[in-house]
Amino acid sequence: MFSAGWRVATADFFFDTMKSSIRDKLERLSRRKAELDALLGDEQATRDMDNYRKLSREHAEIEPVVALYGDYLSAESNIAAAREMLADAEMKAMAQEEIAVSEAAIERLDGELQKALLPKDPNDERNLFLEIRAGTGGEESALFAGDLYRMYTRHAERLGWQVEQVSASESDLGGYKEVIARIAGHGAYSKLKFESGGHRVQRVPETEAQGRIHTSACTVAVLPEVDAVADVNINPADLRIDTFRASGAGGQHINKTDSAVRVTHLPTGIVVECQDDRSQHRNKAQAMSVLAARIKDAQVREQQQKIASERKSLIGSGDRSERIRTYNFPQGRVTDHRINLTLYKLQFVMDGDLDELTAALTAEHQAEQLAALAE
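Being a predicted model, the structure only gives us computed values, none of them experimental. (Residues numbered from 1 in each chain as written. Predicted model: local features only at pLDDT ≥ 70, side-chain atom pairs only at ≥ 80, totals over all residues. Heavy atoms only, no water.)

(A) Focus on helix H4 (residues 92–117). The first and last C-alpha atoms of H4 sit 36 Å apart over 26 residues, in line with the 38 Å expected at 1.5 Å per residue. Among the residues making up H4, those that are buried are Ala95, Ile99, Ser102, Ala105, Ile106, Leu109, Asp110, Leu113, Gln114, Ala116 and Leu117. (Helix = DSSP H or I, 4+ residues; strand = E, 2+ residues; numbered from the N terminus. Expected span 1.5 Å × (residues − 1). Buried < 20%, exposed > 50% of the residue type's maximum accessible area, 1.4 Å probe, protein only.)

(B) Main features of the packing of helix H2 (residues 20–41) against helix H3 (residues 49–85). Where H2 contacts H3, the axes come no closer than 8 Å and their chain directions differ by 130°. Here H3 runs oblique to H2, going by the angle between their axes. Crossing of H2 against H3: the hand is left-handed. Its residues assigned to classes, the contact of H2 with H3 comprises 13 nonpolar, three polar and eight charged. (Axes fitted to C-alpha atoms, helices over the stretch in contact; angles between N-to-C directions. Parallel < 35°, antiparallel > 145°, perpendicular 65-115°, else oblique. Left-handed = near helix turned anticlockwise from the far one by under 90°. Nonpolar A, V, L, I, M, F, W, Y, C, P; charged D, E, K, R; others polar.)

(C) Layout of the sheet that holds strand E8 (residues 270–274). If you trace the three strands from one edge of the open sheet to the other, you get E6-E7-E8, paired in antiparallel fashion. Every other strand in the sheet has two partners, leaving strand E6 (239–244) and E8 as the edge strands with one partner each. Recorded for the sheet is a direction-independent mean angle of 15° between the axes of neighbouring strands. By the bridge criterion, five bridges tie strand E7 (residues 260–265) to E8 in an arrangement that is antiparallel. By the bridge assignment, His265 is partnered in E8 with Ile270. (Pairing = 2+ DSSP bridges.)

(D) Representation of the environment of Tyr72 within the structure. Among the structural elements, Tyr72 can be located in helix H3. Between the C-alpha atoms of Tyr72 and Asp110, which are 38 residues apart in sequence, the distance is 7.9 Å.

(E) Here's a closer look at the packing of aromatic side chains. Scanning all chains against the criterion turns up two aromatic pairs. Measuring from centroid to centroid gives 5.5 Å for Phe144 and Tyr327, while their planes differ by 65°, and the two rings are edge-to-face. Remark: Tyr327 occurs in strand E9 (residues 323–328) and Phe144 occurs in helix H5 (residues 138–158); sequence separation between them is 183 residues. Residue Phe144 is classed as buried on the basis of its relative accessible area, which comes to 0%. Tyr327 sits in the buried class, given a relative accessible area of 0%. Between Tyr149 and Tyr176, the ring centres sit 5.5 Å apart and the planes meet at 80°, which makes this aromatic pair edge-to-face. (Phe/Tyr/Trp six-rings, centres within 6.5 Å; stacked < 30°, edge-to-face > 60°.)

Below, the structure is given as structure tokens:
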């Protein structure tokens, strides 16, 4: 099971003896806030509105951290003053009470400061593209891909997010060889970014006459939606765009117009097809959005691999080949192998109840960040 032991260990960063490196960082932030107060208060500050907005954003980011640190210093000061009063018999009871209150405040503030100091993922508030592909297991793998798609769709519905299918290649029995969807909602990427990787299912397939348990697999990729113009530089000369008639269900019109679009990014070989909309223009726009997300994702994973050579990170490595989770239907359990978490609530999970999994993964990621901060 996932252990909460890291919470105890990380509390030592602050309680009683805050690490000097962390205190130094907080002191630097305090000095920077004072500088920003002066810069933003200058009567000439708004002459350069771009710079003013930049400074305002920085101020808004560090102000809560500096305020917490101020409260922490006040609690430290209160403890020091109360300890001096312990020798006075008349003041001893009051001093002990002050020490207890201030120590409790420090314990609370240390947790808040830890989270406040963690590096922010700039993509956390973005929408995302969810890509699910069938792997080993033939038709059973495609059916499992359909189950995973429904699981994520139901999870999104629980949270009030919007799900828009971008493209799908259905299998003969109603599953998916591949399905791509756009999920839009507040903090969507932050909640699902650790779902990327290999998902394995163990169950008796519908096509199995003798009741034997089979193992099949799918790969899931969760990509933050990016601004194709601002975030990724795509040269039009590097693109080959083909149009063709969409296949599959959709009515007679879909077979009479070249509404489907295939975009190939020649330098990377990334290919995106989109045919779910009747409009060729909208299909092209959607394909370009997915392409931009994939190019950005490839760039980020390349950076992560360089970092991983110095520090191994189990969470958020982005390795699509890594088996991250097993869904065992006969035993009714789901196991996330990265954090050794097993839940015996498989049907709830398949119905979109992913909160316990995503919360545990986020907590483990924060523990890794705190360990790096301590170093």
